[in-house]
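# Structural features, examined
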Amino acid sequence: MDVGSRIEALPVMPAADVSALAWMMPLLEAVTPQAVAQAVNAALHGLPGFRGMSMLWGLDAREAPSIEPPQSIAQGHLVDDIELAREALGDEVPRLLHGSRPRLAIPLPRSEAVVLVDLDSPRHVQPFLDGAAGRLHVIDQRLRSALEIVALHGTMARLEHSEQVQRALFAISDLAGSDRDMPDLLKGIHAIVGTLMYAENFFIVGLDAEHDMIRFLYFVDVEDPLPEDVRFSEREGTLTWYLLHDGKALRGDSEQLARQASGPVRNVGTDSYDWLGVPMVRDGEVRGAVVVQSYQPGIAYSAEDEALLEFVGSHILTALDRKRNQDDLERSVQQRTLELADANRGLQLEVVERKRAERLQAALFQIAQLATADITEEAFYGSIHDVVGKLLNAKNFFIALLSDDHRQLAFPYFVDELQTNHPARPLGRSLSEYVLRHARPLLVDDRKQVEALIEQGEIEIAPDTTGPAAKSWLGVPLVLGEEAFGLVAVQSYEPSIVYGPADQELLGFVASQIANSLNRRHAAQIQQQAYAHLEERVQERTHELRKEIHERERIQDQLEHEVLHDALTGLPNRSHLRGRIERVLARLRESPHRRCGLLYLDVDRFKVINDSLGHLAGDEVLKEVARRLQECVREPDLVARLSGDEFAILLEDVDVPATAIKVAQRVLDAIGVPMQIAGKTLEPSASVGIAVGNDHYHNADELLRDADTALYRAKATGRKRYELFDETLQRSAIDVLAMEGELREALQNDRFVPHFQPIVRLDDGGLVGHEALLRWVHPVRGLLGPPDFLQVAEDSGSIEAIDWRMFELSCTLATRFPEDTYMSINVAPRHFRGDDFDVRLLAVVRDSGLAPSRLLIEVTEGSLLDNPVRVRATLDRLQAQGVGAALDDFGTGYSSLSYLHTFPLRMLKIDRTFVAALGEEGKDNSALVIAAVLALARALGMGVVAEGIESTEQRQALLALGCEFGQGHLFGRPAPIEHWLD
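Residues numbered from 1 in each chain as written. Predicted model: local features only at pLDDT ≥ 70, side-chain atom pairs only at ≥ 80, totals over all residues. Heavy atoms only, no water.

## Digging into the sheet that holds strand S18 (residues 596-603)
What counts, and what does not: Should DSSP find at least two bridges between two strands, the strands are taken to pair. The way it works is that DSSP assigns letters per residue, a run of H or I at least four long becomes a helix, a run of E at least two long becomes a strand, and they are numbered from the N terminus. Helix axes use the C-alpha atoms of the stretch in contact, all axes being lines fitted to C-alpha atoms, and the angles between their N-to-C directions lie in the range 0 to 180 degrees. Contacts are residue-level and defined by heavy atoms, with any inter-residue pair within 4.5 Å sufficient.
With respect to topology, 5 strands assemble into an open sheet ordered S19-S20-S18-S23-S24, the strand pairing being mixed. Edge positions in the sheet fall to strand S19 (638-643) and strand S24 (722-724), since each has one partner strand and no second. Sheet twist, expressed as the mean angle between neighbouring strand axes with direction ignored, is 20 degrees. Bridge analysis of strand S23 (residues 686-693) against S24 gives 3 bridges, and the strand direction is parallel. Counted as the bridge partner of Val688 is Tyr722 from S24. Against the sheet, helix H17 (residues 657-671) engages S18, strand S20 (646-651), S23 and S24, with an angle of about 160 degrees to S23. Strands in contact with helix H18 (residues 700-716) are S18, S23 and S24; relative to S23, the strand with the most contacts, it is inclined by about 145 degrees.

## Quick look at the nonpolar core
What counts is decided by this rule: Buried residues of nine kinds, namely Ala, Val, Leu, Ile, Met, Phe, Trp, Tyr and Cys, make up a nonpolar core once their side-chain atoms join them within 4.5 Å. In this scheme, a residue with accessible area under 20% of its type's maximum is buried, one over 50% is exposed, and one in between is partly exposed, where area comes from a 1.4 Å probe on protein chains only.
Counting residues in hydrophobic clusters, the biggest one holds 51 residues, and the most contacted among them are Met823, Ile825, Leu841, Ile857 and Leu958. With residues near it in sequence (within four places) discarded, Ile825 still touches Ala772, Phe807, Ser810, Leu841, Leu855, Leu856, Ile857 and Glu858. Leu96, Ile106, Leu136 and Ile139 belong to the second largest nonpolar core, which has 35 residues in total.

## Topic: helix H21 (residues 799-814)
An α-helical segment advances 3.6 residues per turn. Residues three or four places apart therefore align on the same side. Note the cut-off: Multiplying 1.5 Å by the residue count of a helix minus one yields the expected span of that helix.
Compared with the 22 Å implied by 1.5 Å per residue over 16 residues, the 22 Å span of H21 between its first and last C-alpha is a close match. If you check which residues of H21 are buried, you get Ile799, Ile802, Asp803, Trp804, Met806, Phe807, Leu809, Ser810, Cys811 and Ala814.

## Quick notes on the pairing of S19
In regular strands, side chains alternate between the two faces of the sheet. Taken across its 6 residues, S19 has 5 buried, putting it largely inside the fold. Direction of pairing for S19 relative to S20: antiparallel, over a ladder of 5 bridges. Among the inter-strand pairings, Arg641 is bridged to a residue of S20, identified as Phe647.

## Details of the packing of helix H22 (residues 837-848) against helix H24 (residues 868-880)
Let me state the cut-off plainly: By the definition adopted for this analysis, an angle is roughly parallel if under 35 degrees, roughly antiparallel if over 145, roughly perpendicular if from 65 to 115, and oblique otherwise. Each crossing is labelled by how the near helix is turned from the far one, with a counterclockwise turn of less than a right angle marking it left-handed and a clockwise turn marking it right-handed.
H24 packs onto H22 with a crossing angle of 30 degrees between their chain directions and a minimal axis gap of 9 Å. Relative to H24, H22 is oriented roughly parallel. Judged by the sense of rotation from one axis to the other, the crossing of H22 with H24 is right-handed. Of the residues in H24, those in contact with Phe837, Asp838, Leu841 and Leu842 of H22 are Thr874, Arg877 and Leu878.

## Quick notes on the packing of helix H15 (residues 606-613) against helix H16 (residues 615-631)
Here H15 crosses H16 at 140 degrees, and the two axes come no closer than 6 Å. Comparing the axis directions of H15 and H16 gives the class oblique. Contacts between H15 and H16 involve Phe606, Ile609, Asn610 and Leu613 on the former and, on the latter, His615, Ala617, Gly618, Val621 and Leu622.

## Regarding the side chain of Asp911
Short version of the rule: Residues counted as positive are Lys and Arg, residues counted as negative are Asp and Glu, and His and the chain ends are not counted. The salt bridge definition used is simple: a Lys or Arg side-chain nitrogen within 4 Å of an Asp or Glu carboxyl oxygen.
Tracing the sequence through the fold places Asp911 in the loop between strand S31 (907-910) and helix H26 (912-916). Here Asp911 sits buried without a salt bridge, and the closest side chain of opposite charge, Arg912, lies 5.5 Å off (N-O distance).

Shown next as structure tokens:
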């Protein structure tokens, strides 16, 4: 069942007998979706048939949507409810699911949510929608704001987490560059990791590929003891083995890990609930791994944890390399000491060598510390020069680096006693390029070596080379991996200072440290730049979020204003007016002698303005009316727009009814002033209903009801006037309500019946058909015709059901008439406003057994002009199935020849007003009109029926004009079918 078409037609107002603030204020105060759901539950409570509700949001996400309150939905129906909600949200109309109790899904398209409402029975669907329609827009807006606030808080939380991660990464980086011993350093890293993820079980392994060993460098676990170092091949098939063998991270539970591993997994130790391991890789070689694991259900690791652990692993490798270099240096020094001792070069030489080794070790330590020192690049190179100068003669010292494109050689540091500077230059074939090209040291201490290199084509001496040649030159490459990216060199211009193999070895040790230091320093600079950019981005995003929060608060204030004001005119709306009336009535109850006045008005024939000039022009009229109304009142009186062209004026203090009447007359005069709209001069008018409020009124709805009743009387008595409410009007309104109830009862008890009036040939009186006419068999008032109840039926909305019951009965009864006759039924314009009228009518004809060719539908000229394209298409489809169409009351409407020939009409019916004037003195124009209609019909191939023939003279006059068919009291009054079959 699709009931969504009714929501757009309802006025934006709450139907429950409570004030707007009673349900609206809790909703506006709610800042979470859950709080909004509770406020909605309270707002809908008490509406017709309401038993309970649930609210679903996040329906466009893949995961299950949020449901509030969850206990209100039975577990077995959850999937059906979600599917129903998604269908309703996709079509943007409510949907009804019948079960043990009807459940209604109402979409909230702005917040992409749905309200599921349990009702007592299907008959409560429409009353509930009527009552809830005014609240759905406010609920939708408020839920959307609450969801946006929740998303905003989530973003702030993620930014705070990012700042925490940033501080931890800085701490890990500083710790990796410190001088702490390895166990203490790894323990510190473990403590920092534990602040960012669950790391109660944490271990680090190193891979010694040369000896096929896995070494446990650090191990903390609540379930398993520290394992011993084990051969790599013995752990084949374990998760740690796959980490080290494949060099790829693994993360997840046992099933996920089994899918990620490149082969079958062999468990060692206690099985964990979730496991995360990342390999430590340097220069494409797996050097070890870092692992965390959880034995507790519910604790799992994310991709963010994996990225963090990779960062930790890289710094652990840096610390291990530094430690390894230190150990290698100590072993080298020890080996060198032993060699000096074995050579028996004397105790003094051994002491000197030891001191030199100590100086070398200290120098290398200083270079390693410089890599992480917070100093400028120039200070870094200068400090390196100072350290090298303590080990060998380095009066002439430079460091050269290749450019990124390997086309130039730059000299970031150059100190020479004979040259002041050395700018960057293109690569050539000097001694420096030789060292870079072969990635090995070069010691040149005589001219013959240079000449030999020239003969071999290894080097070239540029002809424009200036300056003295060095007596001794020593260069050592700076290597990363297997590629040289620069060199460090010393040179001497004095014959007495010559470098030897020991100096080459010493400078080689220094060069390796300089290479590592430059690489780490470069990486640290990139990292600092990244962190600085991240911090700047965090600050920018924080500023943006603050602006967004301020904007949200502004939007919320605007929403509160929009909830209580009309968007077109800016006037207070019905909800605002009701709140003010409630406050005024409360004051009247405290001061019974005081009075208030309520003027309820609408613009006369406003629909004609909309239909003629368009809705934009209609909006301009409404805005101008609103402006004029505001000029008619004073503070604290209130002008409000209720809906469409309906307005109200609340006069808070009225001494006597005459005061309200004066304001009403002032309003009528103001609105009646001509206005220029869309190039047209309009002279609008209004009808006003007045109700004077006192302490007898209990709520705003009662005062609005009485003012509306007075307005209805003003419109019924000629418009452009005012009416003051009294008890007589109230009784009339009650009579209308009573008749509405009687109409519903008549429908249920099938008290509407068709009466038939014959249509005959005028020449011989032969029967050609019947027209079916509506009658109500009232249990008290007897037989009633349409004028007695039609307006009430149309206003109450029951007329369409009455029409369709008439169609069914008429078609069924018509099968009893002779087969060579037809039957006509009257079809109101409202039936052509839908696309399925012809489908429903043909179904009725088919079910009754009546041949479609025996049915003729009578339409008015207003029906044809209401929506010509749609009406023409409907009549074409009916004609294709044999059902004809007749134009009723021709000559009383627009009578436009420009459209008449475009519709598939079988017959024209001349209105009774022309027939009644036939033969009357001074009304010869009627005969001329009828003659013209007959000529037009013959030209278009249509038949003509004259209505309202009551005398033989009229019959003879019509025959003389050439009219073939007619109906009227002369041939028979409308009567039940039994009358015509006897």
